[in-house]
Amino acid sequence: MAHEALFKPIQIGKLTIRNRVVSTAHAEVHATDGGMTTDRYVKYYEEKSKGGCGLCICGGSSPVSIDSPQQWWSSVNVATDRIIPHFQNLADAVHKHGGKIMIQITHMGRRSRWDGHNWSTLLSPSGIREPVHRATCKTIEEEEIWRIIGDFAQGARRVKEGGLDGCELSAVHQHLIDQFWSPRVNKRTDQWGGSFENRMRFGMEVLKAVRAEVGDDFCVGMRICGDEFHPDGLSHDDMKQIAAYYDATGMVDFFGVIGSGCDTHDTLANVIPNMSYPPEPFLHLAAGIKEVVSVPVIHAQNIKDPTQAERILEGGYVDLVGMTRAHIADPHIIAKIKAGQTDQIRQCVGANYCIDRQYQGLDVLCIQNAATSREYMGLPHIIEKSSGPKRKVVVVGGGPGGMEAARVAAERGHDVTLIEAQPQLGGQITLAARAPQRDQIAGITRWYEMELARLGVDVQLETRADDSVVRDLQPDVVVLANGGHPFLEQVPEWGYSDNPDESLVVSSWDILGGKVEPGKNVLVYDTMCEFSGMSTADYLASKGSTVEIVTDDTKPGVAIGGTTFPTYYRSLYQQSVVMTGDLGLHKVYREGDKLVALFENEYTGEHEERVVDQVVIENGVRPDESLYYALKERSRNHGQIDLEALYAATAQPTLAESGDFALFRIGDCVAQRNTHAAIYDALRLCKDL
Amino acid sequence: MLQTLLPILIFAALAVGAAGAVRRIRLWRQGRRTPMRWHRLALMPKRYLNDLHHVVARDKAIAHTHVATAGGFVAAMALALVVHGFGWRNPILGGLLLAASLCMFLGALAVNRRRIDPPPKLSKGPWQRLSKSLIAYSVGMFLVSLPLVGVAPTVLGGGVLAIVLAAVLVWGLLEMVVGMGWGGPMKHAFAGTFHLAFHRRPERFDDNHPDASPKKTHDVHRGSRSTALFPLDLTAKTLGVEKPADFQWEQLLGFDACVQCGRCQNVCPAYAAGQPLNPKKLIQDMVVGMAGGSDAGYAGSGHPQQAGGIEVGKPGFGNHRGGPTDAIVPQLVEAQTLWACTTCRACVEECPMMIEHVDAIVDMRRFITLERGETPEKGAAAIDNLIATDNPGGLDNASRLDWAADLELPRIQDRPEGVDVLLWLGDGAFDMRNQRTLRSLVKILRTGGVDFAVLGEEERDSGDVARRLGDEATFQRLAERNIATLSRYRFARIVTADPHSFHVLGREYGAFGGDYVVKHHSTFIAELFDGGRISVTAPTQAETVTYHDPCYLGRYNGEFAAPRQVLAALGLEVAEMERSGYRSRCCGGGGGAALSDVPGRARIPDMRMEDVRETGATTVAVACPQCTAMLEGVVEPRPRIRDLAEMVADALVEPTAATNATSAPSQSREEEPA
């Protein structure tokens, strides 16, 4: 049998888990109503259970105490009995499909923000500031220690009374328990610090109190770090000692192991490895912990593929694999393996859109699957065939929005033609994937290509759609997703011309797309501060160019999320790329065989010049609107999308009307947004086609 | 002159024919002897005129032809003996003799017409001659009998014409009487008579047998579908059949009854796929072995890919030789021929002479496996696994319930008071595809409020594959251990979604002391519908569905109706395949054929999928894990393959809270959509 190890049930404590796949604890930023697991939250986890996930550990960083702020990340609030009935709904929904569900409970200590809500004073063993959250804190007092130990026990009681299958104590990611463990943070000299036993004491008292409250039969695990990767922090050997110490109590039913500490930006990037990392980069740390403990070990970090998961389990490195982002990208991953549809799995590409939103306090969403965490709105993971008329749907543009529109329309049973000017699908994803460390983003396109082929969509590549091409297809519905072009004409002084021989500047697309050879000494001017500019600089540097990337914003890459800018910085600093902020590009002119770029400092007004061989500009995307306006008047809805229906994710009213074709446009051909925005609009627009 | 000569000719023919018959009987009796039950000869006429005729009558034209020819001949021969042989020249008898001869003549003309351009299933050679011989006999007998009614044709006077007529009569008598005893085409009548009387499976002729078909039409076997393999005595000196003489004598007799009509060849899936098996040739090979010699005289289609090929009468036969005490494999029959069989019983079902091809093949496989240890590669691996782990996949038997970890299935070990239904999972429990079927079945049982339990890791493979691959020892060991396990628990009946388990537990364990009421899930689900215990929602979209009858459910056990009832209950209309019901074409997965994997020109499941496509169906309903696996192995695009249980589970109306108040909380558990 294929995937035998993956589907081998396992006993954790008294609990039988149907397979070895876990959706590990992550902050969903979905809990509402003061931290309650309401409809959206329940449906998000129900979908995973329905899709076959063995164990879901929900509620990453769910606080047990009121001074561990809950609101910033819309965490689940385990500090109140009000949560209990909500847990019952959650447990029923997951159990109904045979899955098990636990929750992570914690006190985050210093790892939070104090500037809002209850304006809590954050606590830490020695009052040392946490860099990632820029969080200052007080030194915790004995009374507070015992109060929080009691809060943990009460939190665990609420979890048990709510019918969940267990709880995971977070002693990872520099929460209060591992703040006590780590000599980097714990400088105390009383019984709560110093020696190994003293540093262990707080966690041990928490464990004892929790166990005393919930009894022996309730599942209680710990999530720990495998190595903090800080010279003054906990090493792998320290962590083995700690794991063995707690394991010896017999009170821990399982360990979850994560590689890397995370109280600096650089280590944080390790914790949720993005696409620049190899598969399972920290498995060896989890395997090391497994050597010294007697209970099952869970490990999640860049495990996205069923075959990879099977290999890890067969190798016996750990007992359960966390496939958390894999489930965010496709909650039906297990069901698809079981149905022999492995090639239909929408695989996580490690874009980290989910986690980077979370660190901004935004709800977790998937860059490529717009249905994830929108199950409560009726956005489907499995698209039902339409029982209505079969329509001829023409989609123009094979970027993410167009591919999603074509996929969804085809799943609805319609006759779909997708027209793409380029020789391949993907749109801007194709360009993004050209950059060093970013190739895996092409996985988004790969999945669509396979799905469109499976669904029999007529994909016409290297075809430029004008209004006659579209009309000749006699469409009932036209979806324009034809994107735009680099916006270089915004400032005439930049010297951009349509004629490449005359243009003084080139675009990031020209460079990444291979249309223009990298120059020797290159200036990248990036107004967006997102992936595109950084990728261009990284690409140029990797080709041997000397690169400076300049922005009028505060720093290049500043709009990139917390788990990805560090990997760019690692690469750019290593290649001596100069990153300069606060300079606006006024003018580019030629001087001999060199180009001169004239900058003005945002704050002083002083001018600076750079003399370079090549100026590359990343100034976002200007929509291509000509096709839209050519078709607009003839269309029965004049190209207008009914926003009430769109936002409610219901059928567009014009579909029920008669007349010439209905016309919709989505993605960057309307205005530049991002991959998720294009896919989301495509899904909610086409799901009722 | 002719009048004087005729009695001499008749008695001489009878005497020579009888001598041949004695020789023939000796040939049959080279087989392993069983006590002679002479009284069974009395059963023959009913079996001949009724059971055999029903099979023949599936082809009406041939039935009529045969009735006319054979009936005419038997009557003409009997009357000729009286009138011409013993000289009782009664005009009435003479008239009857003329009528019988005429009747035979008309039949013979029909036979002759069929022989002008015979279909490929028919053998040529002496069989081409037979129609002429029939005409010769009937014409000769007619003419020679005319004086009895006062007509005196000149031919009888003497001279050349009389000599010609005498020659014609001699030709007729030689073919019909001498040839019958000495092995001409007419041998079939003589051997067939005895074969029907001494058939090893008398239940097949018993209309009143408990499992006889309730339907008494031409197109189904009327007696029991006696399909259990005969147990092998594992203490015997030689295990299985090495040489023709190792067959039981009734089997040799049965082979000898073959009329080479080729109905078996036409329905054999392996033959159609170009694998080296033609059941007709195989039976003729057995006859060659029994009598000694080579297959040079064979004039039908051969085993594909082998000398002689499949073209009728193509020269090239003669390379395969045999004798009663010579090893069959490989001199007479190549091992590949035996391993190509899927044990689907289509040949047995079609055989008008009720020959038991599958028994013979398994007997020979037993020798290859048990005495020579030459089971083909994957088959050997499966057997090794069965020996080591009690399942053919070599998996930890304790993992048999892994797929159901989240279903919390009731264990029979926890139900000492007994349960209504013991759910037998079969080895499909290890297969991800079949687990979906099993989950669906569990959902149905729970929705229907069925009191059921499973054996879990105590369940072992039923032994089906081991037995069909010839490893009777492993089969018997598994059977005995399963029976010992089952004897420890109380249950009213066994339900299984696996027709192979269904067949083996229900029909083959009896010989080892395991007698159970076993129901296939299609039967059980049909009963749940009938009892109003489950209900379904109407289909939302019109869909063309066809149904593939699994061999071990249909032909082996006669269950054709229940699956169709289930589909009807789902509100689906079934577009039947041309080959469905008792004539269903095998998926290619039975009898270990999927393991022996003998190469052919085509794949059997591909051909079956072609049958499905011809109906225009977008879904083919199946009822067997093996069929599911084989048909899903056909490359896409192709119709969807769904087990009946999956189709029912998807359409089930979930019991409301009120009606479900008494059931355990676990019964509201839903399936994952996988």
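Predicted model only: the values in this text are computed from it and were never measured.

1. What about the overall build of chain B?
So, step 1. When you go through chain B residue by residue, the secondary structure sums to 25 helices and 9 strands.
So, step 2. For chain B, the C-alpha radius of gyration of 28 Å lies close to 26 Å, the compact-globule estimate for 674 residues.
So, step 3. Evaluated residue by residue, chain B yields a buried proportion of 53% over its 674 residues.
So, step 4. Within chain B, counting contacts between residues at least 6 apart in sequence, those at least 24 apart form 75% of the total.

2. What to know about the sheet that holds strand β16 (residues 477-480) of chain A
Residue and element names in this part refer to chain A.
So, step 1. Read across the sheet, 5 strands follow the order β15-β14-β13-β16-β27 without closing on themselves; strand pairing throughout is parallel. A strand with exactly one partner marks an edge of an open sheet, and here the two such strands are β15 (458-460) and β27 (662-665). If you compare each strand with its neighbour and ignore which way they point, the axes differ by 15° on average.
So, step 2. Bridge analysis of β16 against β27 gives 4 bridges, and the strand direction is parallel. Across the sheet, the residue bridging to V478 is L663, located in β27.

3. Observations regarding the domain arrangement of chain B
Residues and elements named next belong to chain B.
So, step 1. Taken as a whole, chain B is organised into domain 1 (2-197), domain 2 (227-372), domain 3 (391-530) and domain 4 (545-651).
So, step 2. Averaged C-alpha coordinates put domain 1 and domain 2 at centres separated by 28 Å.
So, step 3. Counting from both sides, the interface comprises 24 residues of domain 1 and, opposite them, 32 residues of domain 2.
So, step 4. Secondary structure elements with two or more residues in the side of domain 1 that touches domain 2: α1 (2-28), α2 (44-56) and α7 (187-197).
So, step 5. For the side of domain 1 that touches domain 2, the element with the most residues is α7, which contributes 6 residues.
So, step 6. Taken together, the residues of the side of domain 1 that touches domain 2 break down into 10 nonpolar, 8 polar and 6 charged.

4. Considering the domain arrangement of chain A
Residues and elements named next belong to chain A.
So, step 1. Along its sequence, chain A is carved into domain 1 (21-377), domain 2 (392-485 + 623-686) and domain 3 (488-619).
So, step 2. The C-alpha-based centres of domain 2 and domain 3 are spaced at 31 Å.
So, step 3. In this complex, domain 2 contributes 7 residues to the contact, which on the side of domain 3 involves 10 residues.
So, step 4. Tallied by class, residues from the side of domain 2 that touches domain 3 come to 4 nonpolar, 1 polar and 2 charged.

5. Points about the interface of chain B and chain A
So, step 1. Taken together, the contact between chain B and chain A spans 18 residues of the former and 18 residues of the latter.
So, step 2. For the side of chain B that touches chain A, the residue count by class is 7 nonpolar, 3 polar and 8 charged.

6. Structural notes on the sheet that holds strand β25 (residues 614-618) of chain A
Residue and element names in this part refer to chain A.
So, step 1. Pairing in this open sheet of 5 strands is parallel, and the strands run β18-β25-β19-β20-β21 from one edge to the other. On the outer flanks of this sheet lie β18 (505-507) and β21 (578-580), each paired with one strand and no other. Strand-to-strand twist in this sheet, taken as the mean axis angle between neighbours without regard to direction, amounts to 25°.
So, step 2. Here helix α18 (residues 531-542) sits on the sheet in contact with β19 (521-526), β20 (546-550) and β25, set at roughly 170° to β19.

7. Here we look at the pairing of β20 of chain A
For a regular strand, the rule is simple: side chains alternate between the two faces of the sheet.
All names here are of chain A.
So, step 1. Strand direction decides the pairing type here: β19 and β20, joined by 5 bridges, are parallel. If you follow L523 over to β20, its bridge partner there is E548.
So, step 2. Taken together, β19, α18 and β20 form a β-α-β motif whose crossover is right-handed.
So, step 3. For the crossover from β20 across helix α19 (residues 565-574) to β21, the handedness is right-handed.

8. A few points about the packing of helix α3 (residues 60-85) of chain B against helix α4 (residues 91-114) of chain B
All names here are of chain B.
So, step 1. Orientation of α3 relative to α4, taken along the N-to-C sense of each, is 145°, at an axis distance of 7 Å. Crossing angle aside, the handedness with which α3 passes α4 is left-handed.
So, step 2. A breakdown of the residues in the contact of α3 with α4 according to their chemical character gives 18 nonpolar, 7 polar and no charged.

9. Here's the deal with the nonpolar core
So, step 1. Ranked by internal contacts, the top residues of the largest apolar core, which has 203 residues, are V321, A405 and V615 of chain A.
So, step 2. When residues in this core are grouped by element, the largest group, 7 residues, is from helix α22 (residues 675-686) of chain A.
So, step 3. Non-local contacts of V615 of chain A, meaning those with residues more than four positions away in its chain, are made with L504, V505, L523, Y525, V588, L595 and A597 of chain A.
So, step 4. Counting 179 residues, the second-largest nonpolar core is a separate cluster that includes L253, F367, C587 and C624 of chain B.

10. A look at helix α11 (residues 279-291) of chain B
Residues and elements named next belong to chain B.
So, step 1. Its 13 residues place the ends of α11 19 Å apart at the C-alpha level, agreeing with the 18 Å of an ideal helix rising 1.5 Å per residue.
So, step 2. All buried positions along α11 are accounted for by P279, K280, K281, L282, I283, Q284, D285, M286, V287, V288, G289 and M290.
So, step 3. G292 occupies a position one or two residues after α11 and carries a positive phi of about 85°.

Quick notes on the rules
- Residues numbered from 1 in each chain as written.
- Chains lettered and ligands numbered in written order.
- Predicted model: local features only at pLDDT ≥ 70, side-chain atom pairs only at ≥ 80, totals over all residues.
- Helix = DSSP H or I, 4+ residues; strand = E, 2+ residues; numbered from the N terminus.
- Rg over C-alpha atoms; globule rule 2.2 N^0.38 Å.
- Buried ≥ 20, exposed ≤ 12 C-beta atoms within 10 Å, placed from the backbone.
- Contact = placed C-beta atoms within 7 Å.
- Pairing = 2+ DSSP bridges.
- Axes fitted to C-alpha atoms, helices over the stretch in contact; angles between N-to-C directions.
- Domains from an automatic or database assignment.
- Nonpolar A, V, L, I, M, F, W, Y, C, P; charged D, E, K, R; others polar.
- Right-handed = clockwise from strand over helix to strand, strands pointing away.
- Left-handed = near helix turned anticlockwise from the far one by under 90°.
- Core = buried A, V, L, I, M, F, W, Y, C linked by C-beta atoms within 7 Å.
- Expected span 1.5 Å × (residues − 1).

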